[in-house]
Amino acid sequence: MKLLQDLLDGRELQAILFDLDGTLIDSVPDLAAALDASLEQLNYVPAGVNRVRGWVGNGARKLVQRGLAFALEVPEKSLDPSLIDQLLAVFFEHYGEQTCEQTVLYSGVRETLSHWHTQGIKMACVTNKPARFSEPILAHFGLQEFMPVLVGGDTLAVRKPDPAPLLLACEQLGVAAANTVMVGDSVNDVAAARAANMPVACVSYGYNHGAPVADAKPDILVDRFIDLSPGLLSPL
């Protein structure tokens, strides 16, 4: 299979940018618990983890919007923005208390990041999750030593699929987008990378709103994170 290096047409691979939820971590159990607690606090029916798994990936506001539309049995576009704001505030309270209760690293993530780190490749996390939640998660799993740069969903006025977060991460790493590869799990990651003129690899096990990420046509698609660095032995 192709290596990430092969995507750069002979240019040196200097940096890799990573999505967080659905790529490095499975955070759905904690997100679902926080959303359901928030819905129930406001006297709405809970959504359940299976539904939430298909809703994540577009930021917290979109997640609670989908949860509220489900609870009220109405189209998302018809929702009163003030109701979304109310639920979002409650959700942030609950999620801030339990960002790492049930969240886990996907298999092979630490080994693969450590391998790239020893190769001198710079790394950053570019996520639509607000930085105030992303930072403690990265710290909890000890990932900050590999990726000291974080661009969260509230770092800029725009989020993925806009390319600006990816370009900001490159700027903070001191690398050119032409020498960087994006790794994610959704069409948002692919679209952002394409707009930034950056190659993109995806993992198939992520969220992507219930649709196969293969439909977004990433340059590389793998079933396991460790497959992004062929030759590494799979962890037991």
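Going by the structure above, here's the rest.
In what follows, the accompanying structure is described. The structure displayed is predicted, hence computed values, not measured ones. (Residues numbered from 1 in each chain as written. Predicted model: local features only at pLDDT ≥ 70, side-chain atom pairs only at ≥ 80, totals over all residues. Heavy atoms only, no water.)

1. Describing the pairing of strand S1 (residues 15-18)
Burial along S1 is two-sided: Ala15 and Leu17 facing one way and Ile16 and Phe18 facing the other are all buried. Where S1 lies against strand S4 (residues 122-126), 4 bridges are found, and the strand directions are parallel. In the strand pairing of S4, Ala15 is matched with Lys122. (Buried < 20%, exposed > 50% of the residue type's maximum accessible area, 1.4 Å probe, protein only. Helix = DSSP H or I, 4+ residues; strand = E, 2+ residues; numbered from the N terminus. Pairing = 2+ DSSP bridges.)

2. Looking at the pattern of salt bridges
For the structure shown, the criterion picks out 10 salt bridges. Note that Lys129 and Asp21 form a salt bridge whose closest N and O atoms lie 3.0 Å from each other. Placement of the pair is Lys129 in the loop between S4 and helix H6 (131-140) and Asp21 in the loop between S1 and strand S2 (25-26), with a sequence separation of 108 residues. In this structure, Arg132 engages Asp154 in a salt bridge whose closest nitrogen and oxygen atoms are separated by 3.9 Å. Taken together, the positions of Arg132 in helix H6 and Asp154 in the loop between strand S5 (149-151) and helix H7 (164-173) put the pair 22 residues apart, joining distant regions of the chain. Linked through salt bridges whose partners overlap, the residues forming this network are Asp19, Lys160 and Asp189. (Salt bridge = Lys/Arg side-chain N within 4 Å of Asp/Glu carboxyl O.)

3. A short note on the packing of helix H1 (residues 28-41) against helix H3 (residues 60-72)
Contact pair H1 / H3: the axes reach a minimum separation of 11 Å and the direction vectors enclose 50 degrees. When the axes of H1 and H3 are compared, the pair comes out oblique. With respect to the hand of their crossing, H1 and H3 are arranged in right-handed fashion. Counted together, Leu31, Leu35 and Leu39 of H1 and Leu63, Val64, Gly67, Leu68 and Ala71 of H3 form the full contact between these two elements. (Axes fitted to C-alpha atoms, helices over the stretch in contact; angles between N-to-C directions. Parallel < 35°, antiparallel > 145°, perpendicular 65-115°, else oblique. Left-handed = near helix turned anticlockwise from the far one by under 90°. Contact = heavy atoms within 4.5 Å.)

4. Some thoughts on empty space enclosed by the protein
Taken as a whole and judged by the stated rule, the model has 1 cavity of 30 Å³ or more. The computed volume of the largest cavity comes to approximately 260 Å³. Taken together, 22 residues make up the lining of the largest cavity; nearest its centre are Asp21, Gly57, Gly59, Asn128 and Lys129. Secondary-structure elements contributing two or more residues to the lining of the largest cavity are H3, helix H4 (81-97) and helix H8 (187-195). (1 Å grid on protein atoms, 1.4 Å probe; cavity = no way out; pocket = protein on both sides within 12 Å on 5 of 7 lines; lining within 4 Å. Points joined across faces, edges and corners; volume = space filled by probe spheres on them.)

5. Here's the deal with the sheet that holds strand S6 (residues 180-184)
In space, the 6 strands of this open sheet follow the order S5-S4-S1-S6-S7-S8, with parallel pairing throughout. Either end of the sheet is taken by a strand with one partner, and the two such strands are S5 and strand S8 (220-222). For this sheet the average axis-to-axis angle between neighbouring strands, irrespective of direction, equals 20 degrees. Looking at chain direction, S4 and S5 are connected through 3 bridges and run parallel. Its bridge partner being in S5, Val126 is matched across the sheet by Val151.

6. Here we look at the state of the cysteines
Counted by the stated rule, this structure contains 0 disulfides. Unpaired in this structure, Cys100 has its nearest cysteine sulfur neighbour in Cys125, at a distance of 13 Å. (Disulfide = S-S within 2.5 Å.)

7. Here's the deal with unusual backbone geometry
Cis geometry is adopted by the peptide bond preceding Pro161, which originates at Lys160 and carries an omega value of 20 degrees. Residues other than glycine seldom take positive phi values, yet Asn43 does so here, at roughly 70 degrees. Residue classification places Asn43 among the exposed residues on the basis of a relative accessible area of 72%. At Glu73, a position not held by glycine, the phi torsion is positive, near 60 degrees. Mapped onto the fold, Glu73 is located in the loop between H3 and H4.

8. A short note on H4
Helix length check: H4, at 17 residues, gives a terminal C-alpha distance of 25 Å against a target of 24 Å (1.5 Å per residue), a fit within 8%. Among all positions of H4, only Ile84, Leu87, Leu88, Val90, Phe91, His94 and Tyr95 are buried. Where H4 is buried, its residues touch H1, H3 and H6. (Expected span 1.5 Å × (residues − 1).)

9. Focus: the packing of aromatic side chains
Going through the model one piece at a time under the given rule, you end up with 9 aromatic pairs. Measuring from centroid to centroid gives 5.9 Å for Phe18 and Phe225, while their planes differ by 35 degrees, and the two rings are tilted. Here Phe18 is found in strand S1, whereas its partner Phe225 is found in the segment after S8, with 207 residues between them in sequence. We note that Phe18, like Phe225, is buried. (Phe/Tyr/Trp six-rings, centres within 6.5 Å; stacked < 30°, edge-to-face > 60°.)

What is shown is where atoms sit, not what they do.
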